[in-house]
Amino acid sequence: KAKRQGRNTYQWYTRDLNHKVSERVAMRNALQRAIDEQQFELYYQPQVDGATGAIIGFEALIRWRHPQRGYISPIDFIGLAEDTGQIIPISHWVLNTACRDSVHLNGLGLGDFLMAVNVSPMQFHRPHFLDSVFEALEASQLPPRLLELELTEGVLMDSSESAIDSLHELRRRGIHIAIDDFGTGFSSLSYLKQLPIDKIKIDRSFVREVISDHRDAAIVQGILSMAGPLQLRVVAEGVETQAQFAYLKKHLCDAFQGYHFARPMPLAELEGFLREYQATQRLQQARQNGDA
Ligand code: C2E
Ligand code: MG
Ligand code: MG
Ligand code: MG
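Residues numbered from 1 in each chain as written. Chains lettered and ligands numbered in written order. Predicted model: local features only at pLDDT ≥ 70, side-chain atom pairs only at ≥ 80, totals over all residues. Heavy atoms only, no water.

- Going by what an unreviewed UniProt entry lists, the protein chain is known as EAL domain-containing protein and is assigned to Billgrantia campisalis.

Let's talk about the coordination of the magnesium ion (ligand 4)
- Coordination of the magnesium ion (ligand 4) by the protein involves Asp 181 (OD) and Glu 237 (OE), with metal-donor separations of 2.3 to 2.7 Å.
- Here the magnesium ion (ligand 4) and the magnesium ion (ligand 3) are spaced 3.0 Å apart, and both take Asp 181 as a donor. Placement of Asp 181 in strand E6 (residues 176-182) and of Glu 237 in the loop between strand E8 (233-236) and helix H11 (242-250) is noted, with a sequence separation of 56 residues between them. (Donors = N, O, S within 2.8 Å, 3.2 Å for Na, K, Ca; no water. Helix = DSSP H or I, 4+ residues; strand = E, 2+ residues; numbered from the N terminus.)

Remarks on the coordination of the magnesium ion (ligand 2)
- Those donors, Glu 59 (OE), Asn 118 (OD1), Glu 150 (OE) and Asp 180 (OD), are the protein atoms that reach the magnesium ion (ligand 2), and they lie 2.0 to 2.2 Å from it.
- Mapping the donors of the magnesium ion (ligand 2) onto the primary sequence gives the spacing E-x58-N-x31-E-x29-D.
- Between the magnesium ion (ligand 2) and the magnesium ion (ligand 3), a spacing of 3.6 Å is present, and a bridge between the two is formed by Asp 180. Of this pair, Asn 118 sits in strand E4 (residues 114-118) while Glu 150 sits in strand E5 (residues 147-152); the two residues are 32 residues apart in sequence, bridging distant segments of the chain.
- Looking at Glu 150, the relative accessible area reads 1%, which means it is buried. (Buried < 20%, exposed > 50% of the residue type's maximum accessible area, 1.4 Å probe, protein only.)

Focus: the packing of aromatic side chains
- Inspection of every chain in the model, using the stated rule, returns 10 aromatic pairs.
- Consider the rings of Phe 40 and Trp 93, whose centres lie 6.2 Å apart with planes at 45 degrees: the pair is tilted. Separated by 53 residues along the polypeptide, Phe 40 in strand E1 (residues 40-49) and Trp 93 in helix H3 (residues 87-106) bring together distant segments of the chain.
- For Trp 93, a relative accessible area of 23% translates into the label partly exposed.
- Measuring from ring centre to ring centre gives 5.3 Å for Trp 64 and Phe 77, while their planes differ by 85 degrees; the resulting arrangement is edge-to-face. Pair noted here: Trp 64 is in strand E2 (residues 55-66) and Phe 77 is in the loop between strand E3 (70-72) and helix H2 (78-84), with a separation of 13 residues, a long-range link.
- Taking relative accessible area as the criterion, Trp 64 reaches 0% and is therefore assigned buried.
- With relative accessibility at 0%, the residue Phe 77 sits in the buried group.
- Three or more aromatic residues link up through ring pairs in this structure, and these residues are Phe 40, Trp 64, Phe 77 and Trp 93.
- Against the face of Phe 134 rests Arg 173, its NZ or CZ located 3.6 Å from the ring centre. (Phe/Tyr/Trp six-rings, centres within 6.5 Å; stacked < 30°, edge-to-face > 60°. Lys NZ or Arg CZ within 6 Å of the ring centre and 35° of its normal.)

A few points about the layout of surface pockets
- Considered as a void within the structure, the largest pocket measures approximately 1,200 Å³ in volume.
- Among the elements of the structure, E2, H2, H3, E4, helix H4 (121-125), E5, helix H6 (153-157) and E6 are those that each provide at least two residues to the lining of the largest pocket.
- With 5 residues, the single largest contributor to the lining of the largest pocket is E2.
- Partitioning the lining of the largest pocket into residue classes produces 16 nonpolar, 12 polar and 11 charged.
- In this structure, the second largest pocket occupies an estimated 310 Å³ of space.
- Taken together, 16 residues make up the lining of the second largest pocket; nearest its centre are Thr 52, Gly 53, Tyr 277, Gln 281 and Gln 284.
- If you list the elements that add at least two residues to the lining of the second largest pocket, you get E1, H11 and helix H12 (267-291). (1 Å grid on protein atoms, 1.4 Å probe; cavity = no way out; pocket = protein on both sides within 12 Å on 5 of 7 lines; lining within 4 Å. Points joined across faces, edges and corners; volume = space filled by probe spheres on them. Nonpolar A, V, L, I, M, F, W, Y, C, P; charged D, E, K, R; others polar.)

Notes on the packing of helix H5 (residues 129-140) against helix H7 (residues 161-172)
- At a minimum axis distance of 10 Å, the contact between H5 and H7 shows a crossing angle of 15 degrees. Judged on the interaxial angle alone, H7 and H5 are roughly parallel. Crossing handedness for the pair H5 and H7: right-handed. In this structure, H5 contributes Phe 129, Leu 130, Val 133 and Phe 134 to the contact, and H7 contributes Ser 166, Glu 169 and Leu 170.
- Residue composition of the contact of H5 with H7, grouped by class: 5 nonpolar, 1 polar and 1 charged. (Axes fitted to C-alpha atoms, helices over the stretch in contact; angles between N-to-C directions. Parallel < 35°, antiparallel > 145°, perpendicular 65-115°, else oblique. Left-handed = near helix turned anticlockwise from the far one by under 90°. Contact = heavy atoms within 4.5 Å.)

Now the structure itself:
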(Lines give C-alpha, C1' and ligand atoms only; values in the text may rest on other atoms or scores of the structure.)
(Ligands and ions follow the chains in the order given, each with its own letter.)
Protein backbone atom coordinates (compact mmCIF):
# COMPACT_ATOMS: atom_id res chain seq x y z
CA LYS A 1 0.00 0.00 0.00
CA ALA A 2 2.79 2.32 0.94
CA LYS A 3 4.39 1.68 -2.43
CA ARG A 4 1.22 2.55 -4.25
CA GLN A 5 0.76 5.71 -2.31
CA GLY A 6 4.33 6.64 -3.05
CA ARG A 7 3.72 6.10 -6.71
CA ASN A 8 0.57 8.18 -6.67
CA THR A 9 2.41 10.93 -4.95
CA TYR A 10 5.13 10.65 -7.53
CA GLN A 11 2.67 10.85 -10.41
CA TRP A 12 0.94 13.77 -8.85
CA TYR A 13 4.28 15.42 -8.31
CA THR A 14 5.47 14.97 -11.90
CA ARG A 15 2.17 16.21 -13.27
CA ASP A 16 2.46 19.26 -11.07
CA LEU A 17 6.08 19.70 -12.04
CA ASN A 18 5.32 19.37 -15.76
CA HIS A 19 2.65 21.97 -15.36
CA LYS A 20 5.06 24.29 -13.61
CA VAL A 21 7.74 23.73 -16.24
CA SER A 22 5.40 24.45 -19.14
CA GLU A 23 4.12 27.50 -17.31
CA ARG A 24 7.66 28.75 -16.97
CA VAL A 25 8.37 28.11 -20.64
CA ALA A 26 5.24 30.00 -21.60
CA MET A 27 6.22 32.84 -19.30
CA ARG A 28 9.72 32.97 -20.73
CA ASN A 29 8.32 33.18 -24.26
CA ALA A 30 5.90 35.88 -23.19
CA LEU A 31 8.78 37.80 -21.60
CA GLN A 32 10.74 37.54 -24.83
CA ARG A 33 7.83 39.06 -26.73
CA ALA A 34 7.60 41.77 -24.10
CA ILE A 35 11.27 42.58 -24.66
CA ASP A 36 10.95 42.52 -28.47
CA GLU A 37 7.71 44.48 -28.55
CA GLN A 38 8.54 46.86 -25.69
CA GLN A 39 5.61 46.05 -23.45
CA PHE A 40 7.36 47.53 -20.43
CA GLU A 41 6.76 50.89 -18.81
CA LEU A 42 8.50 52.67 -15.98
CA TYR A 43 6.54 54.18 -13.14
CA TYR A 44 8.15 56.62 -10.76
CA GLN A 45 7.49 56.88 -7.04
CA PRO A 46 8.44 60.12 -5.27
CA GLN A 47 10.73 60.23 -2.22
CA VAL A 48 10.15 62.97 0.34
CA ASP A 49 12.76 64.69 2.50
CA GLY A 50 11.89 64.55 6.20
CA ALA A 51 13.33 67.93 7.15
CA THR A 52 11.84 70.06 4.36
CA GLY A 53 8.95 67.95 3.10
CA ALA A 54 10.25 68.48 -0.43
CA ILE A 55 10.33 65.81 -3.14
CA ILE A 56 14.01 64.89 -3.47
CA GLY A 57 13.88 62.03 -5.90
CA PHE A 58 12.09 59.13 -7.50
CA GLU A 59 12.41 55.37 -7.64
CA ALA A 60 11.93 53.82 -11.08
CA LEU A 61 9.66 50.74 -10.93
CA ILE A 62 9.05 48.54 -13.93
CA ARG A 63 5.54 47.67 -15.14
CA TRP A 64 4.62 45.01 -17.68
CA ARG A 65 1.42 45.55 -19.62
CA HIS A 66 0.68 42.22 -21.25
CA PRO A 67 -1.68 42.72 -24.23
CA GLN A 68 -3.99 39.88 -23.09
CA ARG A 69 -3.24 39.27 -19.44
CA GLY A 70 -3.02 42.91 -18.46
CA TYR A 71 -0.70 44.18 -15.78
CA ILE A 72 1.89 41.75 -14.42
CA SER A 73 3.77 42.68 -11.23
CA PRO A 74 7.57 42.81 -11.27
CA ILE A 75 7.47 40.38 -8.34
CA ASP A 76 6.05 37.80 -10.79
CA PHE A 77 8.62 38.16 -13.56
CA ILE A 78 11.89 39.68 -12.29
CA GLY A 79 12.89 36.39 -10.63
CA LEU A 80 12.29 34.38 -13.80
CA ALA A 81 14.03 37.00 -15.91
CA GLU A 82 17.04 36.58 -13.59
CA ASP A 83 17.04 32.81 -14.16
CA THR A 84 16.76 33.06 -17.93
CA GLY A 85 19.17 35.96 -18.34
CA GLN A 86 16.40 38.08 -19.84
CA ILE A 87 17.01 40.48 -16.98
CA ILE A 88 19.97 41.79 -18.97
CA PRO A 89 18.04 43.36 -21.88
CA ILE A 90 15.27 44.40 -19.48
CA SER A 91 17.73 46.13 -17.13
CA HIS A 92 19.41 47.80 -20.05
CA TRP A 93 16.09 49.29 -21.09
CA VAL A 94 15.25 50.29 -17.49
CA LEU A 95 18.54 52.07 -16.90
CA ASN A 96 18.48 53.97 -20.17
CA THR A 97 14.83 54.93 -19.87
CA ALA A 98 15.18 56.06 -16.26
CA CYS A 99 18.21 58.21 -17.07
CA ARG A 100 16.47 59.79 -20.07
CA ASP A 101 13.27 60.47 -18.12
CA SER A 102 15.32 61.90 -15.28
CA VAL A 103 16.93 64.42 -17.62
CA HIS A 104 13.44 65.41 -18.77
CA LEU A 105 12.29 65.83 -15.14
CA ASN A 106 15.31 67.87 -14.15
CA GLY A 107 14.75 70.12 -17.15
CA LEU A 108 11.34 71.23 -15.92
CA GLY A 109 12.84 73.85 -13.65
CA LEU A 110 11.18 72.31 -10.60
CA GLY A 111 14.40 71.17 -8.92
CA ASP A 112 17.14 68.57 -9.17
CA PHE A 113 15.84 65.11 -8.44
CA LEU A 114 17.70 61.91 -7.65
CA MET A 115 16.72 58.93 -9.80
CA ALA A 116 16.90 55.58 -8.02
CA VAL A 117 17.11 52.45 -10.18
CA ASN A 118 16.85 48.85 -8.95
CA VAL A 119 19.78 46.66 -9.92
CA SER A 120 19.36 42.90 -9.89
CA PRO A 121 22.15 40.61 -8.61
CA MET A 122 22.80 39.03 -12.01
CA GLN A 123 22.99 42.43 -13.64
CA PHE A 124 25.44 43.69 -11.03
CA HIS A 125 27.76 40.70 -11.31
CA ARG A 126 28.04 40.86 -15.09
CA PRO A 127 31.47 41.97 -16.30
CA HIS A 128 30.03 44.83 -18.36
CA PHE A 129 27.77 46.25 -15.68
CA LEU A 130 29.84 49.37 -15.06
CA ASP A 131 30.08 50.13 -18.77
CA SER A 132 26.32 49.83 -19.14
CA VAL A 133 25.83 52.37 -16.35
CA PHE A 134 28.36 54.82 -17.76
CA GLU A 135 26.87 54.42 -21.25
CA ALA A 136 23.38 55.21 -19.99
CA LEU A 137 24.73 58.34 -18.27
CA GLU A 138 26.64 59.33 -21.36
CA ALA A 139 23.72 58.77 -23.74
CA SER A 140 21.29 60.72 -21.57
CA GLN A 141 23.74 63.32 -20.26
CA LEU A 142 22.39 62.74 -16.75
CA PRO A 143 24.90 63.98 -14.15
CA PRO A 144 26.15 60.89 -12.21
CA ARG A 145 25.37 62.55 -8.87
CA LEU A 146 21.67 62.35 -9.78
CA LEU A 147 21.75 58.57 -10.24
CA GLU A 148 21.29 56.16 -7.37
CA LEU A 149 21.59 52.39 -7.73
CA GLU A 150 19.57 50.21 -5.37
CA LEU A 151 21.24 46.93 -4.51
CA THR A 152 19.96 44.26 -2.16
CA GLU A 153 21.97 42.78 0.68
CA GLY A 154 22.21 39.53 -1.26
CA VAL A 155 24.36 41.23 -3.87
CA LEU A 156 26.88 42.22 -1.21
CA MET A 157 26.86 38.89 0.58
CA ASP A 158 29.19 37.19 -1.88
CA SER A 159 30.98 40.38 -2.71
CA SER A 160 34.04 39.32 -4.60
CA GLU A 161 36.97 41.65 -5.04
CA SER A 162 35.64 42.79 -8.41
CA ALA A 163 32.20 43.57 -6.95
CA ILE A 164 33.83 45.72 -4.28
CA ASP A 165 35.95 47.44 -6.92
CA SER A 166 32.78 48.14 -8.92
CA LEU A 167 31.16 49.84 -5.96
CA HIS A 168 34.21 52.04 -5.41
CA GLU A 169 34.34 52.92 -9.09
CA LEU A 170 30.65 53.92 -9.06
CA ARG A 171 31.26 56.06 -6.00
CA ARG A 172 34.33 57.69 -7.57
CA ARG A 173 32.12 58.78 -10.46
CA GLY A 174 29.63 60.30 -8.02
CA ILE A 175 26.89 57.70 -8.38
CA HIS A 176 24.99 56.93 -5.16
CA ILE A 177 24.59 53.43 -3.75
CA ALA A 178 21.55 52.45 -1.67
CA ILE A 179 20.83 49.15 0.06
CA ASP A 180 17.27 48.09 -0.72
CA ASP A 181 15.00 46.06 1.59
CA PHE A 182 17.50 46.59 4.39
CA GLY A 183 17.17 44.11 7.23
CA THR A 184 15.59 41.28 5.24
CA GLY A 185 18.77 39.63 3.94
CA PHE A 186 21.16 37.38 5.77
CA SER A 187 24.29 39.41 5.29
CA SER A 188 26.56 40.58 8.05
CA LEU A 189 26.59 44.23 8.98
CA SER A 190 30.33 44.54 8.42
CA TYR A 191 29.81 45.58 4.81
CA LEU A 192 28.33 48.83 6.08
CA LYS A 193 31.75 49.94 7.28
CA GLN A 194 33.72 48.43 4.40
CA LEU A 195 31.72 49.42 1.35
CA PRO A 196 30.97 52.87 -0.09
CA ILE A 197 27.26 52.94 0.70
CA ASP A 198 25.29 56.18 0.88
CA LYS A 199 21.87 55.09 1.94
CA ILE A 200 19.82 52.27 3.38
CA LYS A 201 16.15 51.67 2.70
CA ILE A 202 14.25 50.23 5.66
CA ASP A 203 12.13 47.40 4.32
CA ARG A 204 8.39 47.89 4.19
CA SER A 205 7.86 44.82 6.38
CA PHE A 206 9.31 46.71 9.37
CA VAL A 207 7.42 49.92 8.63
CA ARG A 208 4.01 48.26 8.30
CA GLU A 209 3.49 47.69 12.03
CA VAL A 210 6.06 50.04 13.45
CA ILE A 211 3.36 51.70 15.55
CA SER A 212 1.68 48.57 16.88
CA ASP A 213 4.48 46.01 17.15
CA HIS A 214 7.25 46.87 19.61
CA ARG A 215 9.59 44.43 17.86
CA ASP A 216 9.31 46.29 14.57
CA ALA A 217 9.75 49.53 16.46
CA ALA A 218 12.93 48.19 18.08
CA ILE A 219 14.38 47.12 14.73
CA VAL A 220 13.55 50.44 13.09
CA GLN A 221 15.02 52.39 16.00
CA GLY A 222 18.12 50.21 15.88
CA ILE A 223 18.62 50.86 12.19
CA LEU A 224 18.11 54.59 12.64
CA SER A 225 20.48 54.94 15.58
CA MET A 226 23.15 52.92 13.78
CA ALA A 227 22.86 54.88 10.54
CA GLY A 228 23.66 58.32 11.97
CA PRO A 229 27.21 57.63 13.20
CA LEU A 230 27.91 55.59 10.04
CA GLN A 231 26.87 58.62 7.99
CA LEU A 232 24.28 56.64 6.12
CA ARG A 233 21.08 58.28 5.03
CA VAL A 234 17.92 56.29 5.71
CA VAL A 235 14.80 56.06 3.59
CA ALA A 236 11.72 54.32 4.93
CA GLU A 237 9.78 52.27 2.35
CA GLY A 238 6.07 51.65 2.31
CA VAL A 239 4.98 54.55 4.52
CA GLU A 240 1.20 54.45 4.26
CA THR A 241 -0.07 56.47 7.20
CA GLN A 242 0.49 59.80 8.92
CA ALA A 243 1.20 57.91 12.17
CA GLN A 244 4.00 55.87 10.59
CA PHE A 245 5.44 59.03 9.06
CA ALA A 246 5.33 60.93 12.36
CA TYR A 247 6.93 58.05 14.24
CA LEU A 248 9.76 57.63 11.74
CA LYS A 249 10.35 61.35 11.57
CA LYS A 250 10.53 61.58 15.36
CA HIS A 251 13.25 58.94 15.28
CA LEU A 252 15.19 60.94 12.69
CA CYS A 253 14.55 59.00 9.52
CA ASP A 254 15.87 61.14 6.64
CA ALA A 255 13.44 60.40 3.85
CA PHE A 256 10.20 58.64 3.05
CA GLN A 257 8.57 56.73 0.26
CA GLY A 258 5.08 55.27 0.28
CA TYR A 259 1.43 55.58 -0.60
CA HIS A 260 0.99 58.18 2.16
CA PHE A 261 2.87 60.60 -0.09
CA ALA A 262 2.36 59.22 -3.57
CA ARG A 263 1.97 56.03 -5.55
CA PRO A 264 4.28 55.18 -8.41
CA MET A 265 3.07 57.01 -11.53
CA PRO A 266 3.94 57.30 -15.21
CA LEU A 267 6.26 60.07 -16.35
CA ALA A 268 3.37 61.94 -17.97
CA GLU A 269 1.75 62.48 -14.55
CA LEU A 270 4.89 63.56 -12.71
CA GLU A 271 5.06 67.17 -13.85
CA GLY A 272 1.47 67.85 -12.77
CA PHE A 273 2.05 66.04 -9.51
CA LEU A 274 5.24 68.02 -8.77
CA ARG A 275 3.63 71.38 -9.55
CA GLU A 276 0.66 70.64 -7.34
CA TYR A 277 2.82 69.27 -4.52
CA GLN A 278 5.13 72.28 -4.59
CA ALA A 279 2.19 74.73 -4.69
CA THR A 280 0.63 73.04 -1.65
CA GLN A 281 3.97 73.23 0.14
CA ARG A 282 4.33 76.96 -0.57
CA LEU A 283 0.80 77.55 0.67
CA GLN A 284 1.50 75.69 3.91
CA GLN A 285 4.71 77.63 4.44
CA ALA A 286 2.96 80.93 3.80
CA ARG A 287 0.25 79.96 6.29
CA GLN A 288 2.84 79.01 8.90
CA ASN A 289 4.67 82.31 8.40
CA GLY A 290 1.37 84.20 8.56
CA ASP A 291 0.41 82.51 11.82
CA ALA A 292 3.78 83.18 13.43
P1 C2E B 1 11.39 47.51 -4.18
O2 C2E B 1 12.57 47.97 -4.94
O3 C2E B 1 11.56 47.30 -2.73
O4 C2E B 1 10.26 48.59 -4.50
C5 C2E B 1 9.30 49.02 -3.60
C6 C2E B 1 7.98 48.34 -3.84
O7 C2E B 1 7.04 48.77 -2.85
C8 C2E B 1 7.32 48.71 -5.18
O9 C2E B 1 6.62 47.56 -5.62
C10 C2E B 1 6.36 49.82 -4.78
O11 C2E B 1 5.30 50.00 -5.70
C12 C2E B 1 5.88 49.30 -3.46
N13 C2E B 1 5.37 50.35 -2.56
C14 C2E B 1 5.76 51.62 -2.47
N15 C2E B 1 5.11 52.28 -1.50
C16 C2E B 1 4.28 51.40 -0.95
C17 C2E B 1 3.31 51.48 0.12
O18 C2E B 1 3.10 52.51 0.77
N19 C2E B 1 2.62 50.34 0.41
C20 C2E B 1 2.80 49.18 -0.28
N21 C2E B 1 2.08 48.12 0.07
N22 C2E B 1 3.70 49.07 -1.29
C23 C2E B 1 4.43 50.17 -1.62
P24 C2E B 1 6.66 47.07 -7.11
O25 C2E B 1 6.70 48.25 -8.03
O26 C2E B 1 5.59 46.06 -7.30
O27 C2E B 1 8.07 46.37 -7.23
C28 C2E B 1 8.35 45.22 -6.51
C29 C2E B 1 9.81 44.86 -6.57
O30 C2E B 1 10.17 44.49 -7.90
C31 C2E B 1 10.74 46.01 -6.20
O32 C2E B 1 10.82 46.13 -4.81
C33 C2E B 1 12.02 45.54 -6.85
O34 C2E B 1 12.67 44.60 -6.04
C35 C2E B 1 11.51 44.84 -8.10
N36 C2E B 1 11.63 45.78 -9.23
C37 C2E B 1 10.77 46.74 -9.65
N38 C2E B 1 11.24 47.38 -10.73
C39 C2E B 1 12.44 46.81 -11.02
C40 C2E B 1 13.44 47.03 -12.03
O41 C2E B 1 13.33 47.92 -12.89
N42 C2E B 1 14.55 46.23 -12.00
C43 C2E B 1 14.71 45.25 -11.06
N44 C2E B 1 15.81 44.50 -11.10
N45 C2E B 1 13.80 45.03 -10.10
C46 C2E B 1 12.67 45.79 -10.07
MG1 MG C 1 13.91 49.40 -4.77
MG1 MG D 1 12.78 48.25 -1.50
MG1 MG E 1 10.89 46.17 -0.35
